[in-house]
Amino acid sequence: MAQVRDGFQSRLGFVLAASGAAVGLGNIWGFPTQAANHGGGAFLLVYFIVIFLLALPALYTELYLGHQAQANPVKALSSAWQDTAPKVGAAAGYIGLFGAIVMLSFYSIVAGWMLAYALEPVASFFGFTELSNFLHSDSMARNFVFTPLMLILTASIILKGVKSGIETWSRRLMPLLLVLLVALIAYIATLDGAMDGFAAYLVPDFSQILDANLIIAAMGQAFFSLSLGVGCMMVYGSYLKPDANLPKLTGTVALLDTGVAFLAGLLIIPAIFVAQHNGVEVFSGGKLVGEGQLIFAILPELFSTMGQVGLLVGLLFFVLMSIASVTSTISSTEIPVAFLVENHSVERKKATLFVTLIVFIASSLIILNFDWLFGLVIMVLTQYQLPLMGLFYFITVGWLWQRGNKLHQVSSGPHYWFAQYIRFVCPLLMTAVFVNVALLK
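Keep in mind that this is a model prediction, so the values were computed, not measured.

About the criteria used
- Residues numbered from 1 in each chain as written.
- Predicted model: local features only at pLDDT ≥ 70, side-chain atom pairs only at ≥ 80, totals over all residues.
- Heavy atoms only, no water.
- Helix = DSSP H or I, 4+ residues; strand = E, 2+ residues; numbered from the N terminus.
- Rg over C-alpha atoms; globule rule 2.2 N^0.38 Å.
- Buried < 20%, exposed > 50% of the residue type's maximum accessible area, 1.4 Å probe, protein only.
- Contact = heavy atoms within 4.5 Å.
- Areas by Shrake-Rupley, 256 points an atom, 1.4 Å probe, with all protein chains shown as cover.
- Lys, Arg positive; Asp, Glu negative; His and termini not counted.
- Charge placed at Lys NZ, Arg CZ, Asp CG, Glu CD.
- Core = buried A, V, L, I, M, F, W, Y, C linked by side-chain atoms within 4.5 Å.
- Axes fitted to C-alpha atoms, helices over the stretch in contact; angles between N-to-C directions.
- Left-handed = near helix turned anticlockwise from the far one by under 90°.
- Nonpolar A, V, L, I, M, F, W, Y, C, P; charged D, E, K, R; others polar.
- Phe/Tyr/Trp six-rings, centres within 6.5 Å; stacked < 30°, edge-to-face > 60°.
- Arc of directions from axis to C-beta.
- Polar contact = N/O pair within 3.5 Å; in protein donor to acceptor, adjacent residues only side chain to side chain.
- Salt bridge = Lys/Arg side-chain N within 4 Å of Asp/Glu carboxyl O.
- Disulfide = S-S within 2.5 Å.

A. Representation of the overall build of the chain. Along the backbone of the chain there are 17 helices and two strands. In terms of overall size, the chain behaves like a compact globule, its C-alpha atoms giving a radius of gyration of 21 Å where 441 residues would be expected to give roughly 22 Å. With the C-alpha coordinates aligned to their principal axes, the bounding extent of the chain is approximately 65 × 55 × 40 Å. When the 441 residues of the chain are sorted by exposure, 55% land in the buried category. Counted over contacts in the chain with a minimum sequence separation of 6, partners at least 24 positions apart contribute 82%. As displayed, the chain offers around 17900 Å² of accessible surface, 68% of which is attributable to carbon and sulfur atoms. Charge centroids of the chain, computed over 19 positive and 20 negative side chains, lie 17 Å from each other.

B. Geometry of the nonpolar core. Grouped together as the largest cluster of nonpolar side chains are 151 residues, with contacts concentrated most on Phe-14, Tyr-236, Ile-295, Phe-317 and Phe-318. The element contributing the most residues to this core is helix 5 (residues 86-125), with 17 residues. Residue contacts for Phe-317: discarding those within four places in its chain leaves Leu-184, Leu-267, Ile-268, Ile-295, Leu-299 and Phe-303.

C. Here's a closer look at the environment of Gln-308. Take Gln-308: it is sitting in helix 14 (residues 308-344). Separated by 38 residues in the primary sequence, Gln-308 and Val-346 place their C-alpha atoms 50 Å from one another.

D. Structural view of the packing of helix 5 against helix 15 (residues 348-368). Across the interface, helix 5 lies against helix 15 with an axial gap of 8 Å and an inter-helix angle of 65°. Helix-helix and strand crossings are classified by hand; for helix 5 and helix 15 the assignment is right-handed. Contacts between helix 5 and helix 15 involve Ile-101, Leu-104, Ser-105, Phe-106, Ser-108 and Ile-109 from the former and Val-355, Ile-358, Val-359, Ala-362, Ser-363, Ile-366 and Ile-367 from the latter. Split by residue class, the contact of helix 5 with helix 15 holds 10 nonpolar, three polar and no charged.

E. Spotlight on the packing of aromatic side chains. All chains considered together, the criterion is met by 31 aromatic pairs. Between Phe-48 and Phe-262, the aromatic rings sit 6.4 Å apart at their centres with planes inclined by 50°, giving tilted as the arrangement. Of this pair, Phe-48 sits in helix 3 (residues 41-69) while Phe-262 sits in helix 12 (residues 246-277), placing them 214 residues apart in sequence. Overall, Phe-48 belongs to the partly exposed group, its relative accessible area being 37%. A relative accessible area of 26% means that Phe-262 is categorised as partly exposed. Measuring from centroid to centroid gives 5.2 Å for Tyr-64 and Trp-401, while their planes differ by 40°, and the two rings are tilted. With Tyr-64 in helix 3 and Trp-401 in the loop between helix 16 (370-400) and helix 17 (413-439), this pair connects stretches of sequence that are 337 residues apart. By relative accessible area, which is 7% here, Trp-401 ends up buried.

F. Just helix 4 (residues 73-80), in detail. Of the positions making up helix 4, those classed as buried are Pro-73, Val-74, Ala-76, Leu-77 and Ala-80. When helix 4 is viewed along its axis, its buried side chains cluster within an angular range of 165° and face the same direction. The opening residue of helix 4 is Asn-72, an N-cap whose side-chain oxygen sits 3.1 Å from the backbone nitrogen of Val-74.

G. Geometry of unusual backbone geometry. A positive phi angle is found at Gln-70, which is not glycine, with a value near 50°. Inspection of the secondary structure assignment puts Gln-70 in the loop between helix 3 and helix 4. Phi at Ser-227 is positive, roughly 60°, even though this residue is not glycine. Along the chain, Ser-227 turns up in the loop between helix 10 (212-225) and helix 11 (232-238). By relative accessible area, which is 12% here, Ser-227 ends up buried.

H. Just the side chain of Arg-348, in detail. Following the sequence through the fold, Arg-348 ends up in helix 15. In terms of polar contacts, Arg-348 uses its side chain to reach the side chain of Glu-334, at 2.8 Å. If we skip the residues at most four places from it in the chain, Arg-348 touches Ile-158, Leu-159, Gly-161, Val-162, Tyr-239, Glu-334, Val-337 and Val-341.

I. Geometry of the side chain of Thr-327. Note that Thr-327 resides in helix 14. Thr-327 has contacts with Gly-20, Ala-21, Val-23, Leu-173 and Met-174, leaving out every residue within four places of it along the chain.

J. Broad picture of the pattern of salt bridges. Tallied over the full model, the rule gives four salt bridges. Asp-83 is the partner of Arg-403 in a salt bridge, and the nearest nitrogen-oxygen pair spans 2.3 Å. Placement of Arg-403 in the loop between helix 16 and helix 17 and of Asp-83 in the loop between helix 4 and helix 5 is noted, with a sequence separation of 320 residues between them. What makes Arg-403 exposed here is its relative accessible area of 51%. Between Arg-171 and Glu-167 there is a salt bridge, and its shortest N-O distance comes to 3.9 Å. Of this pair, Arg-171 and Glu-167 both sit in helix 8 (residues 161-188), four residues apart, which is roughly one turn of that helix. Glu-167 gets classed as buried once you look at its relative accessible area, which sits at 4%.

K. Main features of the environment of Gln-293. Mapped onto the elements of the fold, Gln-293 is located in helix 13 (residues 291-304). The class of Gln-293 is partly exposed, set by a relative accessible area of 48%. For Gln-293 and Ile-215, which are 78 residues apart along the polypeptide, the C-alpha to C-alpha distance reads 25 Å.

L. Examining the state of the cysteines more closely. Applying the stated criterion across every chain yields a total of zero disulfides. For Cys-426, which is in no disulfide, the shortest distance to another cysteine sulfur is to Cys-232 and amounts to 20 Å. Owing to a relative accessible area of 0%, Cys-426 belongs among the buried residues under this scheme.

All quantities given are derived from atomic positions and should not be read as evidence of function.
Here it is, written out as structure tokens:
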């Protein structure tokens, strides 16, 4: 069946799709605040080092597992563990599947918020006050309108397969995301207060560079921002042609993802300082506010101080955030869909509809029990599953996968030392991330 398996038709298509999977709300939402609260330029420097030391090998490892197996994570991990305990490998693949469903269940809700906030300036411009208030409201009704919309949007892309769906839309959405990001940076840079934001973001506070909190924050952010640990990259790696240059592609994806995170900082941090200049409260306990308070309170308040042009800026910003959401939901949806198609011979259309229905049910449970379940789901996924699965991938490639593992067949040169790095160093770094993020946070 391998010869009829769908796949990426071009190197650029893969790079844009994999970068789209990696470029999510964590880059544009979480990264800038982390940087601002951990020494600005000092955090950037440590982050770039950590990307090279940990995130790049982790990205390569996950892509490599999928690429060699030419199969979804359940098949790929079962194959890698075939000589020791194939059921253990398959179980890890199923945990990844479950994680993808869980990630989609809360990510689709947040993506729906982004879409609602993108439509709000349009409603305001045309004087639809009640609709505008509804779009801004934090209501269950809004969640039950916009979460299914994002699920349907994602499903419509997945239905068309890898070449016609994922690759085609990634080629459209990622360049648009980059254009919007650069255009918004250019505009914000012209406003009063922006230069203070650039300074806070780019000027290093070297007194913090050896701070353990900064280093661990950078390690966690680097790992999570590349969307590692649930199998997105494994399934995308499996759609590459067998002769693909994996090291080069890995570097390109990591570079583009890191570049978007860096650009997001150039937008968000100056925007926060512009908001402060305009009288908006942006600090809490000496720290820049983050998470929902930043995206759904401070920035809309900033846009409202800009008058009519603020409607356009707000529209573009939340369109940007919606694109970042969709490129991530596409990759997460493809994991269980690929599993159903390959392991159970389900037609792609039926598989997509089934997965979408399951995710909607899971999302509905979260919406109905939002106060305690939303935060719990995010915590379990980001603090426990992602780092533990990353550690599992390192151990699999470094120690337990023998037959067909090219990294075990080299005895000298750069590939040999890279294999030793994955075997000995990466598991220690990943363990440090897990202990500090999950146990000491």
